[in-house]
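Here is what each chain is made of, one letter per residue.
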Amino acid sequence: TLLATAQRTLPATGQHTIQSTAQQTLPAHTLLATPQQTLPASTQQAAISVPFIDDQVSSSNNLHSCLSTVLSSSPSVCPSWKIACPDPLTICKLEVQQIEQGSRGHVIMSLTIDTELKLTLHYLHRQLNGVRCPIISTLPSVITSVAVLLQVMKTLDTTKCCVGNSDAPFVEFWQHRSSTLHGTSNPGSGHLENKFGVMSIHHNDCQYILPSTKHHDRCSKCCTLRNTLRSQVHRFKKTNHDASSPAHSSHVNYRYESLSSMSSRLSDVHKQCHAVTVRLNQLRDKIAANTEVAGISLDEESHDDIKTIASEEFKFMKDQPKDSFKYIFWQQQLEAASKKDARSMRWHPLMIRWCLYIRHKSSGAYESLRKSGCLYLPSQRTLRDYTHYVEAAAGFSTEVDKMLMNAANIDTCPVRETCVILLLDEMHIKEDLIFDKHTGAMIGFTDLGDFNMHLLHFEDNMLNDTPPKPQLAKSMMVFMVRGLFTRLQFPYAQFPCANLTGDQLYDPFWEAVRRIETCGFKVLGATLDGNSVNRRLIKLHKPSEDLVYKVDNPYAQEKRDLLFFSDPPHIMKTIRNCWESKSRHLWNNGKSITWSHLTSLYHRDTAPGMGIRMVPKIKLEHIKLTSFSKMRVDLAAQVLSQSVSSAIKLTGGEEATETARFVELCDKWFDAFNVHNYTQGIRKRKEFKSLIHLEMISG
């Protein structure tokens, strides 16, 4: 709207005229002012002819005349728009591109107004509609005045264009696929466009024009197409790579492959696992959706029929003993099925123990079995009441003493079943702190008992001027009670520690012996591994002696010794590691005991054409030891076995006789200590598993 204080007249051409002696052009912003405003004093004497843009227009010619006057008199109103054709009226938006010879303009979009003043929008010579481009639905369909047309042009100036997918790998793949599809237009739901020399792939339903508020430069359809292109390009490259490179066989043992081949094979396994996981999740979602749509809910009558069938089947269980687990299990299932509220079910102790055993093996498997609907089982919350009956804490507990006595039936069991061994072992744990919401305490600090903690604090005060800070536990020292003539296995106490020493372990060890003896058991010995902490603990009892294997038990009612045993599996691994070590030289009777005798046996036994192997269990992992394989007891026991000793005697010659005898003695020693009862040696045809041959080992 033109604002002026002069008198306005409206000629037939639909223009207002302002007379002035100066030939000045009004600023562009005055064309869009409100009619109530007045022109500034510097422009009141202007004399130009501009259209009254709010006036209604009757034809496209009239609209063309008014728009031409506005754009010529005020070029800054819509500088990127130019009138291309008067009939039908076509207005184009230009984009300037810089080239070596200068600059060049390209038509981005155009507006066409027909004789009925209806508006049509084109983008790169494509006519857009409101279905494909939502912005068109916000524009007026009929242009009634110049102001409406200027508003449309300004609205389109604030939009941005969809860039499509112009990445070089995508374009190259698209062109390659198009050329190999025998003249078809494209290999997917898109098309390739040349936008001023730049190739880009757009979706067939691309919006082309996006609002300025959209964060991305692509429409949603082109984003979906981009994901499809990315997967197709990746699959295309992988197919070409697999065709050009040799395939990796899944039947070749890892020890015969190179590092790069194993890495490639492991990567393929990870991809297969990921694909299987994705497919599994898709099938689960599909099954859940189908069940929701086509599933059938049982009514009360069908539910009663199933209960009746179960009751009829239960009649066959009447022949079973009533105290048997099979009878109790079926009875509990029938009772749980008849309960309308699961909270009213009371579970038998045998069912609780069985469920605790299953959950201990795999918590996820137990939960899947419980939710399958095939069986009625206690909830995790019910089982937690039993597993957390006694609060787990560091150190000793009177409640744990009572549980130990109940587990062994100490009041009724024979005297020989009270003989136990105390096992000590240290396990590494992850350093962390946990807040106990029931007690408000922080769990994760070291705790070796009150006496040891006072000694540690006193030592820190003497060595450091600052107050001692609590240490996070890095390992857990566990005390376990094991029956000599029973299957009793009971975790008795645990102590979180950081840098445990033999002196610190002395007091908890004898406190455990005292409490177990007080409960009515007879502690005949203690089994420990061979680390420096345990060796120091044993040495403290008799510092003046070189070898300490027993000590008086001060808490025994009768005079009785407490024996110290080194853990046989740890000794077995230590013997094997010393035999394999290149820094140690073993010999006996002037003949060497070397690892090369075992290596030669393995290479001879696995040579081509040898037929039946003498030591089929010996693999390359037995010969080439790593830091992980050195910790495996089964590998040490299979190397130090009777079969290996016999094979070395047969193939090693005279120089390997001491090596074969060394392996045979280790096998007999391990048989003597790895036995549970008197008859095990007879059943397994291993004479040294019988205790009467224990004295023959030293012969």
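Counting of residues starts from 1 at the beginning of each chain's written sequence and follows it residue by residue. At least 70 in pLDDT is required for a residue's local features to be given in this predicted model, at least 80 for side-chain atom pairs to be given and counted, and no such filter applies to totals for whole chains, interfaces and linings, which use all residues. As a rule here, side-chain values come from all non-hydrogen atoms in the structure, and water together with hydrogens is ignored.

## Digging into the overall build of the protein chain
Item 1. Helix and strand counts for the protein chain come out as 21 helices and 21 strands.
Item 2. Within the protein chain, buried positions represent 33% of all 699 residues.
Item 3. Pairs at least 24 apart in sequence give 60% of the contacts found in the protein chain among residues at least 6 apart.
Item 4. Accessible area for the protein chain stands at about 43,800 Å²; split by element, carbon and sulfur atoms hold 55% of it. Comment: elements are numbered from the N terminus, with helices defined as DSSP H or I runs of at least four residues and strands as E runs of at least two. The buried label goes to any residue with under 20% of its type's maximum accessible area, the exposed label to any with over 50%, and the partly exposed label to all in between, with areas taken from a 1.4 Å probe on protein chains only. Only heavy atoms matter for contacts: two residues are in contact if any of them lie within 4.5 Å across the pair. Each accessible area value is a Shrake-Rupley result obtained with a 1.4 Å probe; residue values ignore everything except the protein chains displayed when judging cover.

## Description of the nonpolar core
Item 1. Core analysis: the biggest nonpolar cluster contains 38 residues, and Leu 63, Ile 91, Leu 111, Ile 113, Leu 149 and Ile 209 have the highest contact counts within it.
Item 2. Contributions of two or more residues to this core are made by α1 (60-73), β4 (89-99), β5 (102-113), β6 (119-123), α2 (146-157) and β11 (209-210).
Item 3. Take this core: its biggest share by element is six residues, from α2.
Item 4. Ignoring any residue separated from it by four or fewer positions in sequence, one finds Ile 91 in contact with Leu 67, Trp 81, Lys 82, Ile 83, Met 109, Ser 110, Leu 111, Ile 113, Leu 149 and Met 153.
Item 5. Throughout, nonpolar core names a set of buried Ala, Val, Leu, Ile, Met, Phe, Trp, Tyr and Cys residues whose side chains join them through atoms within 4.5 Å. By size, the runner-up hydrophobic cluster in this structure holds 37 residues, among which are Cys 413, Ile 516, Cys 519 and Leu 537.

## Quick notes on the packing of α1 against α2
Item 1. Two elements in contact, α1 and α2, have axes separated by 10 Å at closest approach and are oriented at 60°. One finds that α1 runs oblique with respect to α2. At the point where α1 passes α2, the crossing takes the right-handed sense. On α2, the residues touching Leu 63, Cys 66, Leu 67 and Val 70 of α1 are Val 146, Leu 149 and Leu 150.
Item 2. For this scheme, ten residues count as nonpolar: Ala, Val, Leu, Ile, Met, Phe, Trp, Tyr, Cys and Pro. Four count as charged, namely Asp, Glu, Lys and Arg, and the remainder, Gly too, count as polar. Residues belonging to the contact of α1 with α2 are distributed by class as follows: seven nonpolar, no polar and no charged. What counts as an axis is a line fitted to C-alpha atoms, over the stretch in contact for a helix, and the angles between N-to-C directions run from 0 to 180 degrees. In these notes the angle categories are as follows: under 35 degrees is roughly parallel, over 145 is roughly antiparallel, 65 to 115 is roughly perpendicular, and the rest is oblique. For any pair of crossing helices, the crossing counts as left-handed if the nearer helix is rotated counterclockwise from the farther one by less than a right angle, and right-handed if it is rotated clockwise.

## Points about the pattern of salt bridges
Item 1. We define a salt bridge as a side-chain nitrogen of Lys or Arg found within 4 Å of a carboxyl oxygen belonging to Asp or Glu. Enumeration over the complete set of coordinates arrives at 21 salt bridges.
Item 2. Among the salt bridges present, the one from Arg 126 reaches Glu 193, with a minimum N-O distance of 3.0 Å. Note that Arg 126 is positioned in strand β7 (residues 126-127) and Glu 193 in strand β9 (residues 190-195), a separation of 67 residues in sequence.
Item 3. Its salt-bridge partner being Arg 515, residue Glu 511 comes within 3.8 Å of it at the nearest N-O pair. Linking Glu 511 with Arg 515, this pair stays in helix α13 (residues 502-518), spanning four residues, or about one helical turn.

## What about the side chain of Thr 90?
Item 1. Along the chain, the position of Thr 90 falls in strand β4.
Item 2. We classify Thr 90 as buried; its relative accessible area is 15%.
Item 3. Those residues in contact with Thr 90 that lie beyond four places of it in its chain are Lys 82, Ile 83, Ala 84, Cys 85, Ser 110, Leu 111 and Thr 112.

## Points about the state of the cysteines
Item 1. In what follows, a disulfide is any cysteine sulfur pair within 2.5 Å. Applying the stated rule across the entire model yields zero disulfides.
Item 2. Cys 85 carries a free sulfur, and the closest cysteine sulfur to it, the one in Cys 92, is 9.2 Å from it.

## Some remarks on a nonpolar patch on the surface
Item 1. Taken together, the side chains of Leu 547, Tyr 549, Leu 563, Phe 565 and Phe 673 define a hydrophobic patch exposed on the protein surface, amounting to about 490 Å² of accessible area.
Item 2. With respect to the helices and strands, the residue Phe 673 is situated in helix α20 (residues 657-673).
Item 3. Of the residues examined, Phe 673 reaches a relative accessible area of 40% and is grouped as partly exposed. Patches in this entry comprise residues that are over 30% relatively accessible and not in a salt bridge; like charges within 9 Å are linked, as are nonpolar side chains (Val, Leu, Ile, Met, Phe, Trp, Tyr) within 5 Å.

## Brief notes about the side chain of Arg 560
Item 1. Looking at the secondary structure, you find Arg 560 in the loop between β18 (550-552) and β19 (561-566).
Item 2. Under the relative-accessibility criterion, Arg 560 is labelled buried at 12%.
Item 3. Pairing of N or O atoms within 3.5 Å defines a polar contact, subject to two protein rules: one partner must be a possible hydrogen donor and the other a possible acceptor, and residues neighboring in sequence count only if both atoms are side-chain atoms. At a separation of 2.4 Å, a polar atom in the side chain of Arg 560 contacts the side chain of Glu 517.

## Concerning unusual backbone geometry
Item 1. Its identity as a non-glycine residue notwithstanding, Tyr 208 has a phi of 65°, on the positive side.
Item 2. With respect to the helices and strands, the residue Tyr 208 is situated in the loop between β10 (198-203) and β11.
Item 3. Looking at Tyr 208, the relative accessible area reads 0%, which means it is buried.
Item 4. One non-glycine residue, Asn 409, lies in positive phi territory at about 50°.
Item 5. For Asn 409, the location among the structural elements is in the loop between α11 (398-408) and β12 (419-428).

## Observations concerning a negative patch on the surface
Item 1. Asp and Glu are treated as the negative residues and Lys and Arg as the positive ones, with His and the ends of the chain left uncounted. Lysine's charge is taken at NZ, arginine's at CZ, aspartate's at CG and glutamate's at CD. A contiguous patch of negative charge on the surface is contributed by Asp 299, Glu 300, Glu 301, Asp 304 and Asp 305.
Item 2. Residue classification places Glu 300 among the exposed residues on the basis of a relative accessible area of 59%.

## Here we look at the pairing of β10
Item 1. Whether two strands pair depends on DSSP finding at least two bridges between them. Two strands pair when backbone bridges link them, and β9 and β10 are joined in this way by six bridges, in the antiparallel orientation. Counterpart to Gly 190 in the pairing with β10 is His 203.
Item 2. Remark: two residues form the turn of the hairpin made by β9 and β10, two consecutive strands paired antiparallel; Phe 196 in that turn has positive phi of roughly 55°.

## Points about empty space enclosed by the protein
Item 1. Think of a 1 Å grid over just the protein atoms. A cavity is a set of points where a 1.4 Å probe fits yet cannot get out, a pocket is an open set with protein on both sides within 12 Å along at least five of seven lines, and lining residues have an atom within 4 Å of a point. Grid points are joined across faces, edges and corners, and a volume is the space filled by probe spheres set on the points. A full pass over the atoms with the stated rule returns one cavity of 30 Å³ or more.
Item 2. Roughly 30 Å³ of internal volume is contained in the largest cavity.
Item 3. In terms of lining residues, the largest cavity is bounded by Tyr 123, Leu 124, Glu 193, Lys 195, Ser 200 and His 202.
Item 4. Secondary-structure elements contributing two or more residues to the lining of the largest cavity are β9 and β10.
Item 5. Of the residues belonging to the lining of the largest cavity, the class tally is two nonpolar, two polar and two charged.

## Points about the packing of aromatic side chains
Item 1. Ring pairs shown here join Phe, Tyr and Trp side chains whose ring centres sit within 6.5 Å, with only the six-membered ring taken for Trp; geometry is labelled stacked below 30 degrees between planes, edge-to-face above 60, and tilted in between. The tally for this structure, following the rule as stated, stands at 16 aromatic pairs.
Item 2. Residues Phe 396 and Phe 495 carry aromatic rings whose centres are separated by 5.3 Å and whose planes lie at 70° to one another, so their mutual orientation is edge-to-face. You can see Phe 396 sitting in the loop between α10 (380-387) and α11 and its partner Phe 495 sitting in strand β16 (residues 489-497), a full 99 residues away along the chain.
Item 3. Take Phe 495: its relative accessible area is 4%, and that puts it in the buried class.
Item 4. Through pairs of rings, three or more aromatic residues link up here, namely Phe 396, Phe 479, Tyr 492 and Phe 495.

## So, the sheet that holds strand β15 (residues 475-483)
Sheet strands line up and pair through hydrogen bonds in the backbone, either parallel or antiparallel.
Item 1. The strand order β16-β15-β12-β17-β19-β18 describes an open sheet built from six strands, whose pairing is mixed. The open sheet terminates on both sides in strands that have one partner only, identified here as β16 and β18. Averaged over all pairs of adjacent strands, the angle between strand axes in this sheet comes to 25°, irrespective of strand direction.
Item 2. Pairing of β15 with β16 involves eight bridges; the strand directions are antiparallel.

## Side note on the confidence of the model for the protein chain
Item 1. This prediction gives the protein chain a mean pLDDT of 79; 80% of its residues lie at or above 70.
Item 2. By mean pLDDT, the top-scoring element of the protein chain is strand β17 (residues 522-528) (95), and the lowest-scoring one is strand β1 (residues 15-17) (33).
Item 3. Low pLDDT, under 50, characterises residues 1-51; the predicted model gives this stretch 92 contacts beyond four residues in sequence or across chains.
Item 4. Taken as a whole, residues 689-699 scores under 50 in pLDDT and shows 23 contacts with residues more than four places along the chain or in a different chain. Scored from 0 to 100, pLDDT records how confident the predictor is in each individual residue.

## Focus: helix α19 (residues 642-651)
Item 1. Buried residues of α19: Val 644, Ser 645, Ala 647 and Ile 648, and no others. What you see down the axis of α19 is that its buried residues fit within an arc of 165°, all on one side.
Item 2. On the buried face of α19, the contacting elements are α16 (596-605), α18 (633-639) and α20.
Item 3. Backbone geometry just downstream of α19 places Gly 653 in the positive-phi region, at approximately 80°. An arc is given here, and it is the one of the directions from the helix axis to the C-beta atoms.

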